Structures are given as structure tokens and as C-alpha cells.
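Here is what each chain is made of, one letter per residue.
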Amino acid sequence: MDRIERFLSIWEEEGCNMVSMSCKEHDSFTANSQFITHLMGRILGAQGLQATPIDTKGFQNVLKLVETTNADSFDLFYGLFKFNSHSMDTILKLKASMDDVVGKLLRKEGKNGEVANALKSCL
């Protein structure tokens with residue numbers, strides 16, 4: 001057994017499922033799972049969300065996301081951003097999705113003229 005196989009066996013013995021993939025695939029998957037999770041937790045945490053007496057399970061999950069991601073250091077979060085070339089794409093997709101959803105809400109309210117201004121203010 002070579003050094004790599006011994007190293008990987010440590011994780012497998014601990015119950016981790018080892019998945020073989022390229023570095024590029026790893027970075028893409030990481031940006032779409034770890035980074036977006038930490039990004040949303042940090043964004044929602046910045047809003048100062050608090051538990052209420054009538055929280056839904058969904059909102060409790062949001063608060064748990066905020067708690068767990070903000071418990072990690074900002075340096076960890078920054079590392080997920082800095083060392084993954086896909087992280088900026090994730091941010092841009094999130095912003096485009098936010099703009100799309102806000103635009104749909106405003107159009108539904110019949111505020112078509114205000115859509116462009118509202119989206120510009122989100123920049």
C-alpha cells in the first residue's frame with residue numbers, strides 16, 4: 001500500500017465516502033456546495049435574523065445555517081472564496097437570481113417601471 005492509499009484509508013475508516021474526481025470537478029462542486037452555503041449563511045447572518053415564537057421548520061433551518069457558517073472563521077470563508085476559481089461565478093449567479101426574483105415580484109405588483117430602478121439599487 002503506497003502513501004496515498006494509506007492516507008485515503010484513514011478517511012475511509014472514519015466513514016468518509018471517497019470520490020475520485022479531477023481538481024477542476026472538485027472546485028466546481030465545492031463552489032456549488034460549500035461556498036454557496038457559507039455565502040448564504042454570512043449574508044443572512046448580516047441581517048441579524050432572530051428566532052421568534054412562531055418559527056417554521058424552514059426558518060429554524062435558516063437560523064441553523066447562519067449559526068453553523070458564522071461559527072467558522074472568516075478566514076475559512078475567505079479561503080473558500082479566494083482559492084476556488086468558481087466562487088465569483090457563484091456570487092454572480094446568486095446576484096442574477098436575486099435580481100430575477102425581485103423583478104418578478106415587482107412585475108406581479110404591476111410596478112414594471114420600478115423594476116429597472118429597483119434592480120439598479122441592488123447593485
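So, here is what we can say about the structure in this document. Here the structure is a predicted model, which is why all the values come from computation and not from measurement. (Residues numbered from 1 in each chain as written. Predicted model: local features only at pLDDT ≥ 70, side-chain atom pairs only at ≥ 80, totals over all residues. Heavy atoms only, no water.)

**Quick word on the packing of aromatic side chains**
One pass over the structure, following the stated rule, counts five aromatic pairs. Consider the rings of Phe 35 and Phe 81, whose centres lie 6.1 Å apart with planes at 35°: the pair is tilted. With a gap of 46 residues between them, Phe 35 in helix α2 (residues 23-46) and Phe 81 in helix α4 (residues 74-82) connect regions that are remote in the sequence. For Phe 35, a relative accessible area of 2% puts it in the buried group. Pairwise contacts between aromatic rings join Phe 35, Phe 74, Phe 77, Tyr 78 and Phe 81 into one cluster. (Phe/Tyr/Trp six-rings, centres within 6.5 Å; stacked < 30°, edge-to-face > 60°. Helix = DSSP H or I, 4+ residues; strand = E, 2+ residues; numbered from the N terminus. Buried < 20%, exposed > 50% of the residue type's maximum accessible area, 1.4 Å probe, protein only.)

**Examining the packing of α2 against helix α3 (residues 57-71)**
The interhelical angle for the contact between α2 and α3, taken along N-to-C directions, is 105°, at an axis separation of 8 Å. By the criterion of interaxial angle, the relationship of α2 to α3 is roughly perpendicular. Residues Thr 37, His 38, Met 40, Gly 41, Arg 42, Leu 44 and Gly 45 of α2 touch α3, and the partners they reach there are Val 62, Leu 65, Val 66, Thr 69 and Asn 70. Here the residues of the contact of α2 with α3 are counted per class, giving five nonpolar, six polar and one charged. (Axes fitted to C-alpha atoms, helices over the stretch in contact; angles between N-to-C directions. Parallel < 35°, antiparallel > 145°, perpendicular 65-115°, else oblique. Contact = heavy atoms within 4.5 Å. Nonpolar A, V, L, I, M, F, W, Y, C, P; charged D, E, K, R; others polar.)

**What to know about the side chain of Thr 90**
Turning to its location among the elements, Thr 90 is positioned in helix α5 (residues 87-108). Sequence-distant contacts of Thr 90, defined by excluding residues within four places in its chain, comprise Ala 31, Asn 32, Phe 35 and Ile 36.

**Quick notes on the packing of α2 against α5**
Between α2 and α5, the least distance of the axes is 10 Å, while the angle of their chain directions is 55°. Between α2 and α5, the angle falls in the class oblique. Viewed along their axes, α2 and α5 form a crossing whose handedness is right-handed. Contacts from Ala 31, Asn 32, Phe 35, Ile 36, Leu 39, Met 40 and Ile 43 in α2 reach Ser 87, Thr 90, Ile 91 and Leu 94 in α5. Of the residues in the contact of α2 with α5, the class split is eight nonpolar, three polar and no charged. (Left-handed = near helix turned anticlockwise from the far one by under 90°.)

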